[in-house]
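# Fold and contact review
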Amino acid sequence: MSHEYRPPQARSRLTRRGRLALFLGALLAIGAVVLIPVLRGGQGPEKPHRLVIPEGWRATQVYSAIDRTLKLPPGSAKSAVATAALALPAEAKGNPEGYLFPATYPVTSKTTPAALLAHMVRTANEKLATRAVADGGRAHGMTPYQTATMASIIEAEAESRADMGKVARVVHNRLAKSMPLQMDSTINYALNRSTVDTTLSDTRIGSPFNTYERQGLPPTPIDNPGLEAMAAAVAPTPGDWLYFVTVKPGDTRFSATYGEHRKHVVEFNKHRAAHAGPRSG
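Being a predicted model, the structure only gives us computed values, none of them experimental. (Residues numbered from 1 in each chain as written. Predicted model: local features only at pLDDT ≥ 70, side-chain atom pairs only at ≥ 80, totals over all residues. Heavy atoms only, no water.)

## Quick notes on the overall build of the chain
When you go through the chain residue by residue, the secondary structure sums to 10 helices and 4 strands. Put simply, the chain runs from its N terminus to its C terminus through helices and strands in the order α-β-α-α-β-α-α-α-α-α-α-β-β-α. The buried share of the chain, taken over its 281 residues, is 38%. A sequence separation of at least 24 residues applies to 64% of the contacts in the chain between residues at least 6 apart. When the accessible area of the chain is evaluated, it comes to approximately 17,200 Å², of which 56% is carbon and sulfur surface. (Helix = DSSP H or I, 4+ residues; strand = E, 2+ residues; numbered from the N terminus. Buried < 20%, exposed > 50% of the residue type's maximum accessible area, 1.4 Å probe, protein only. Contact = heavy atoms within 4.5 Å. Areas by Shrake-Rupley, 256 points an atom, 1.4 Å probe, with all protein chains shown as cover.)

Laid out in structure tokens, this is it:
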């Protein structure tokens, strides 16, 4: 062990200015430690929110939902259709009705209406190109666009998914017999409304969507159908039905003869009258 003598060393003393500089430096160092994680957190990926498009929505409803979700002026999404270069079939003539596939889409602050619309159309094309839908459509002599059009009617008319196959069979049977489809949903589309009350004057409107007077499918889809409706369009339930009416919720009656159908319509009218609310007048 050494006991060598070492003279005491003088301690250096900070001036008041020096102490202040040291204190500020320490604060800055602490601030840097706190600030860096905050900055890193802010630079992380933006968490997308969801845009839900339900089955059976019309294009006008989809446009409005896009505008609301992206916080854009009304009409922005509809205007974007013209420049979005959508992958639509030639039969559509630039109208995306029927091809804005119902699904849940991720949306961020960088999402544009054109990109969102293009995503929806791509998804519809993918669903229509699945083997079951594409092969089934060809077996019935339908193009993908005709499949989408028929599926849109099924989507609008079927009271439940369980009824879709039967509704599809009614449509196929009527087309095979060259009967007008006489679907209220197509009248509603022409009049831009949704109702179960179709009057005689409604069935006489001059519109290509008036399937009471015009035979065949309407010129375009009348809404944006989901995969179940597409599947029903190409694989309808076997049957000889030509008519149907939803007498009450959960009770849709399918008939092969007009006489039987009229009986069901009478029951429908009785049920409506029994459950109608009081009228003001």
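So much for the structure itself; the text now carries on.
## So, unusual backbone geometry
For residues that are not glycine, phi is negative in most cases, and the peptide bond is trans in most cases. Positioned with a positive phi, Ser-178 is a non-glycine residue whose angle comes to about 55 degrees. Among the secondary structure elements, Ser-178 is positioned in the loop between helix H7 (164-176) and helix H8 (184-190). On the accessibility criterion, Ser-178 (46% relative accessible area) is partly exposed. Unlike most non-glycine residues, Asn-192 shows phi in positive territory, near 55 degrees. Locating Asn-192 in the fold gives a position in the loop between H8 and helix H9 (227-234). Judged by relative accessible area, Asn-192 falls into the exposed class, the value being 60%.

## A short note on the side chain of Thr-186
Summarising the element assignment, Thr-186 is placed in helix H8. Thr-186 sits in the buried class, given a relative accessible area of 0%. Polar contacts involving the side chain of Thr-186 include one to the main-chain carbonyl oxygen of Phe-209, which spans 2.9 Å. Setting aside residues up to four positions removed in sequence, Thr-186 forms contacts with Ile-153, Phe-209, Thr-211, Pro-218 and Ile-222. (Polar contact = N/O pair within 3.5 Å; in protein donor to acceptor, adjacent residues only side chain to side chain.)

## Focus: the packing of H7 against H9
Where H7 contacts H9, the two axes come as close as 8 Å, and the packing angle between them is 45 degrees. Considering their axes alone, H7 and H9 lie oblique with respect to each other. Seen from above, H7 lies across H9 with right-handed handedness. Taken together, the residues of H9 that come into contact with H7 (itself represented by Met-164, Gly-165, Ala-168 and His-172) are Glu-228, Ala-229, Ala-232 and Ala-233. (Axes fitted to C-alpha atoms, helices over the stretch in contact; angles between N-to-C directions. Parallel < 35°, antiparallel > 145°, perpendicular 65-115°, else oblique. Left-handed = near helix turned anticlockwise from the far one by under 90°.)

## So, the packing of helix H5 (residues 131-139) against H9
The N-to-C vectors of H5 and H9 enclose an angle of 35 degrees; their axes lie 8 Å apart at closest approach. The element H5 and its partner H9 pack so that their crossing is left-handed. Along the contact surface, H5 presents Ala-132, Val-133, Gly-136 and Gly-137, while H9 presents Leu-227, Met-230 and Val-234. Its residues assigned to classes, the contact of H5 with H9 shows 5 nonpolar, 2 polar and no charged. (Nonpolar A, V, L, I, M, F, W, Y, C, P; charged D, E, K, R; others polar.)

## Considerations on helix H10 (residues 258-275)
Between its first and last C-alpha atoms H10 spans 26 Å; for 18 residues at 1.5 Å apiece the expected length is 26 Å, and the two agree. Considered for burial, the residues of H10 that qualify are His-261, His-264, Val-265 and Phe-268. Viewed end-on, H10 has its buried residues packed into an arc of 105 degrees, placing them on one side of the element. Residues of H10 that are exposed and point over 90 degrees away from its buried face: Lys-263, Lys-270, Ala-273 and Ala-274. Against strand E3 (243-248) and strand E4 (251-255) lie the buried residues of H10. (Expected span 1.5 Å × (residues − 1). Arc of directions from axis to C-beta.)

## Section: the environment of Val-62
In this fold, Val-62 is placed in helix H2 (residues 59-69). Separated by 16 residues in sequence, Val-62 and Lys-78 have C-alpha atoms that sit 9.1 Å apart. Residues in contact with Val-62, not counting those within four places in the same chain, are Ile-53, Trp-57, Leu-100, Met-120 and Asn-224.

## Notes on the pattern of salt bridges
If you walk through the whole model with that rule in mind, you get 8 salt bridges. A salt bridge links Arg-253 to Asp-251; its shortest N-O distance comes to 2.8 Å. Linking Arg-253 and Glu-267 is a salt bridge whose minimum nitrogen-to-oxygen distance equals 3.3 Å. In this pair, Arg-253 is assigned in strand E4 and Glu-267 in helix H10, connecting sequence segments 14 residues apart. (Salt bridge = Lys/Arg side-chain N within 4 Å of Asp/Glu carboxyl O.)

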